[in-house]
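Coordinates in review
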Amino acid sequence: MHKTPQVNEVNEFIEIASDFEDPLEVIREALSNSYDANTTQVDINIEQDEEGRNTLIIEDDGQGMDESDLSSFFDLGNSNKDDAIGYKGHGTKIYYKSDKIRVETVKDGTRTDSVMDQPWAKLNNRELPTYSIETADVDEPSGTRIEVHGFRAGQGFDPKQLTYNKIEHYIKWKTIGGSTAWHFNDDFHEMDISVELSSTIDDTRGLIDTDNRLKFPAENLDPDGELVAEEMCKHYPPRELTVTLDDGRELTVEVVGMVGGKEARNKLPTYGKHSAQFGIWLAKDHIKVERYNDAIGADNEFFHFFFIANCQGLELSANREKIRNKSGDAYQAITDELDRYMTKVCQDSWYQNYIERRKLEDKKRSIQSQESSLQERLERTQKQEGLSPSNSAEVIAALERYSANGAPENIQIADFQMDNEVNAILATDDGFDNASLQVKLSDFFEEETPLTNIDQFVCWKLGDLDALTRIERSSYMGESIRFDFQNNNIQYGDTDPKTIPVLELKDKVS
């Protein structure tokens, strides 16, 4: 007997819709669908009413949808697309996380209007939502308008988390809006993109108005100046690499990129943590997915590079966030070929010159910074008419000067560890003391550090005497404490009190 595996359709819809957690993924899916529909202009509006309900409106001038296309829009795993971006038909299911979906579309002189009420509520009540369809013959240009009312995503979609700047960088970094296809593909078509947020979400600027081409900063191979490596930038023109799999299939890897210094890289529209956005990106449909920085080897720092290696042989997870065929021969062949290509880039004479120049200029900057710091310290010391430590290491210098000037007691530093609570061991005439070296004695007590192992304090000055006196009144770590400023010592403890001498250097070092 043979049995057919069953699918719980409600759970499947919920699962797919829930794969999309980031509200910005709505924009990514909308742009991909519009591009697949040969759109030349797509407008996205995000609004929030006074009661906090969110409405997304996506409108394009693409080829529109007929009833069959609308079925694919609402169905799961029933896409009409073959190798287009949204061929799985998963992306539009993110709209199910809403109170209403309205689609108005015109294709070949037929207008089709469709409405789905309460899709998310019905799914969570274990009910498959339905949608209405009405058609009419019209004399209108093709295009589609999608309204998603009461949209929610992840832990709750709050449009106020969005800003124009965040969305603009996301479009260029994570969507077809940041495509590199225009370098390679004769079928590439330009698409203008606009995004407008209601003034209650972001009123800091006007709408986003961009296109679907990711462009690199201008090439700057050999700028003039003493410290210019950060401005250097070289483009590596588009290359098509062919890889052959064991079964004879051939895949094309389309690579384009740049090497550049910090100032050049800052001109890229990165998304997220800026310093983590560079390196070698694997992409599908010319939308970046994951980085593969192994291609540049351990000897080269990834942040000098920004390359996109696009291959349709990569297979992605439903939400397009991960590559899922990493264990297959296609992924291995793609990355092997990419390794070879990037090795050549790293051996390029311009790149080698850039790295050497950058190292040299970093050293010059370090020297200039050090000279500036030393000058500032000298000016501060002269202004204060003497030494004035700002950290424990400078207290050591003051202590050494104190000992060298014929102090009545011999004190030498036998060991010093900056981050240790007892940060110094002093060699004295009477043996070794565990000591705490502080700029101000009062600083030590702010950290509530135990006094158990401290035999002596060395400080530049006592600091805030009022704060120390307040500690006397309230005790310190459950034990009584007394600061004897006349005799420079501390009495601490009730049952077995100890006296801790304090060496204040301020008046002893000239």
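Notes on the structure in this doc start here.

Reading guide: rules and limits
- Residues numbered from 1 in each chain as written.
- Predicted model: local features only at pLDDT ≥ 70, side-chain atom pairs only at ≥ 80, totals over all residues.
- Heavy atoms only, no water.
- Helix = DSSP H or I, 4+ residues; strand = E, 2+ residues; numbered from the N terminus.
- Rg over C-alpha atoms; globule rule 2.2 N^0.38 Å.
- Buried < 20%, exposed > 50% of the residue type's maximum accessible area, 1.4 Å probe, protein only.
- Contact = heavy atoms within 4.5 Å.
- Areas by Shrake-Rupley, 256 points an atom, 1.4 Å probe, with all protein chains shown as cover.
- Lys, Arg positive; Asp, Glu negative; His and termini not counted.
- Charge placed at Lys NZ, Arg CZ, Asp CG, Glu CD.
- Pairing = 2+ DSSP bridges.
- Axes fitted to C-alpha atoms, helices over the stretch in contact; angles between N-to-C directions.
- Salt bridge = Lys/Arg side-chain N within 4 Å of Asp/Glu carboxyl O.
- Core = buried A, V, L, I, M, F, W, Y, C linked by side-chain atoms within 4.5 Å.
- Phe/Tyr/Trp six-rings, centres within 6.5 Å; stacked < 30°, edge-to-face > 60°.
- Right-handed = clockwise from strand over helix to strand, strands pointing away.
- Polar contact = N/O pair within 3.5 Å; in protein donor to acceptor, adjacent residues only side chain to side chain.

As a further point, take the overall build of the protein chain. Within the protein chain one finds 11 helices and 20 strands. In terms of overall dimensions, the protein chain is more spread out than a globule: its C-alpha atoms have a radius of gyration of 34 Å, far above the 24 Å expected for 510 residues. Counting only C-alpha atoms and orienting by the principal axes, one finds that the protein chain spans roughly 105 × 60 × 60 Å. Counting over 510 residues, the protein chain shows a buried share of 46%. Long-range contacts, defined as pairs at least 24 residues apart, comprise 62% of the intrachain contacts of the protein chain with a sequence gap of at least 6. With an accessible surface of roughly 26400 Å², the protein chain has 42% of that area assigned to carbon and sulfur atoms. Taking the average place of the 56 positive charges on the side chains of the protein chain and the average place of its 99 negative ones, the gap between the two points comes to 2 Å.

Once that is clear, we can look at helix α5 (residues 164-174). Along α5, the residues that are buried comprise Tyr-164, Ile-167, Tyr-170, Ile-171, Lys-172, Trp-173 and Lys-174. Close packing links the buried residues of α5 with α2 (24-36), β7 (192-197), β8 (208-210), β11 (279-284), β12 (287-291) and β13 (305-310).

Within the secondary structure layout, Leu-360 lies in helix α8 (residues 349-383). Residue classification places Leu-360 among the partly exposed residues on the basis of a relative accessible area of 48%. As for Leu-360 and Leu-227, which are separated by 133 residues in sequence, their C-alpha atoms are 9.1 Å apart.

So, on to the sheet that holds β11. Spatial ordering of the open sheet is given by β9-β10-β13-β11-β12, a layout of 5 strands whose pairing is mixed. In this open sheet, the two edge strands, each paired with only one partner strand, are β9 (233-244) and β12. Pairs of neighbouring strands in the sheet enclose a mean axial angle of 25 degrees, with direction left out of account. Pairing of β9 with strand β10 (residues 250-260), which is carried by 10 bridges, proceeds in the antiparallel orientation. Its bridge partner being in β10, Tyr-236 is matched across the sheet by Gly-257. Set on the sheet, helix α7 (residues 329-347) makes contact with β9, β10, β11 and β13; between it and β9 the angle comes to about 145 degrees.

We now examine the pattern of salt bridges. Tallied over the full model, the rule gives 25 salt bridges. One salt bridge connects Lys-107 with Asp-66, and the closest N-O pair in it is separated by 3.9 Å. Placement of the pair is Lys-107 in strand β3 (residues 100-107) and Asp-66 in the loop between β2 (54-60) and α3 (67-74), with a sequence separation of 41 residues. Residue classification places Asp-66 among the partly exposed positions, given a relative accessible area of 32%. With its nearest N and O atoms 3.4 Å apart, the salt bridge here joins Glu-190 to Arg-213. Residue Glu-190 is located in the loop between α5 and β7, and its partner Arg-213 is located in the loop between β8 and β9; the two are separated by 23 residues in the primary sequence. For Arg-213, a relative accessible area of 23% puts it in the partly exposed group. One network of salt bridges, with partners in common, ties together Glu-25, Arg-28, Glu-29, Lys-174 and Glu-321.

Moving on to the nonpolar core. Leu-31, Ile-44, Phe-73, Tyr-95, Ile-167 and Phe-306 are the most contacted members of the largest nonpolar core, which has 60 residues in total. Of the residues forming this core, the biggest block, 6 residues, is contributed by α2. Discounting residues that sit within four places of it in the chain, Tyr-95 has contacts with Val-26, Ala-30, Ile-58, Phe-73, Ile-101 and Val-148. By size, the runner-up hydrophobic cluster in this structure holds 36 residues, among which are Tyr-236, Val-259, Ile-280 and Trp-350.

Relative to the assigned elements, Val-7 resides in the segment before α1 (9-18). Taking the C-alpha atoms as reference, Val-7 lies 61 Å from Asp-362; in sequence the two are 355 residues apart.

The full count for this structure, using the stated rule, is 22 aromatic pairs. Aromatic pair Phe-305 and Tyr-351: ring centres 5.2 Å apart, planes at 40 degrees, arrangement tilted. With Phe-305 in strand β13 and Tyr-351 in helix α8, this pair connects stretches of sequence that are 46 residues apart. With centroids separated by 6.3 Å and ring planes inclined at 70 degrees, the aromatic side chains of Tyr-476 and Tyr-492 adopt a geometry described as edge-to-face. One end of the pair, Tyr-476, is in the loop between α11 (465-474) and β18 (481-484); the other, Tyr-492, is in strand β19 (residues 489-492), and 16 residues separate them in sequence.

Residue pairs three or four apart in sequence face the same way in an α-helix, which turns once every 3.6 residues. All of the buried residues in α3 are Asp-69, Leu-70, Ser-72, Phe-73 and Phe-74. Where α3 is buried, its residues meet α1, β3, β4 (110-117), β5 (131-137) and β6 (143-149).

To continue, consider the pairing of strand β16 (residues 431-440). The pairing of strand β15 (residues 424-428) with β16 spans 5 bridges and is classified as antiparallel. Note that in β16 the partner of Ala-424 across the bridge is Ala-435. Direction of pairing for β16 relative to strand β17 (residues 456-461): parallel, over a ladder of 5 bridges. Bridge pairing links Leu-437 to Val-458 in β17. Taking the sense of rotation as the criterion, the β-α-β connection linking β16, helix α10 (residues 441-446) and β17 turns out right-handed.

So, about the sheet that holds β18. Judged by pairing direction, the sheet is mixed, and its 7 strands sit side by side in the order β14-β15-β16-β17-β20-β19-β18 without closing on themselves. The two strands at the open ends of the sheet, each matched to only one other strand, are β14 (411-416) and β18. Looking at each pair of strands side by side, their axes are set apart by 30 degrees on average, direction ignored. Relative to β14, helix α9 (residues 392-404) is tilted by about 150 degrees, and along the sheet it contacts β14, β15, β16, β17 and β20 (498-504).

Time to look at the side chain of Asn-212. Summarising the element assignment, Asn-212 is placed in the loop between β8 and β9. You can call Asn-212 buried: its relative accessible area is 0%. Of note is the side chain of Asn-212, whose polar atom sits 3.2 Å from the backbone oxygen of His-189. In this structure the side chain of Asn-212 is engaged in a polar contact, spanning 2.8 Å, whose partner is the backbone nitrogen of Met-191. Not counting residues up to four positions away in its chain, the partners in contact with Asn-212 are Tyr-35, Lys-172, Ile-176, Gly-177, Ser-179, Phe-188, His-189, Glu-190, Met-191 and Ile-193.

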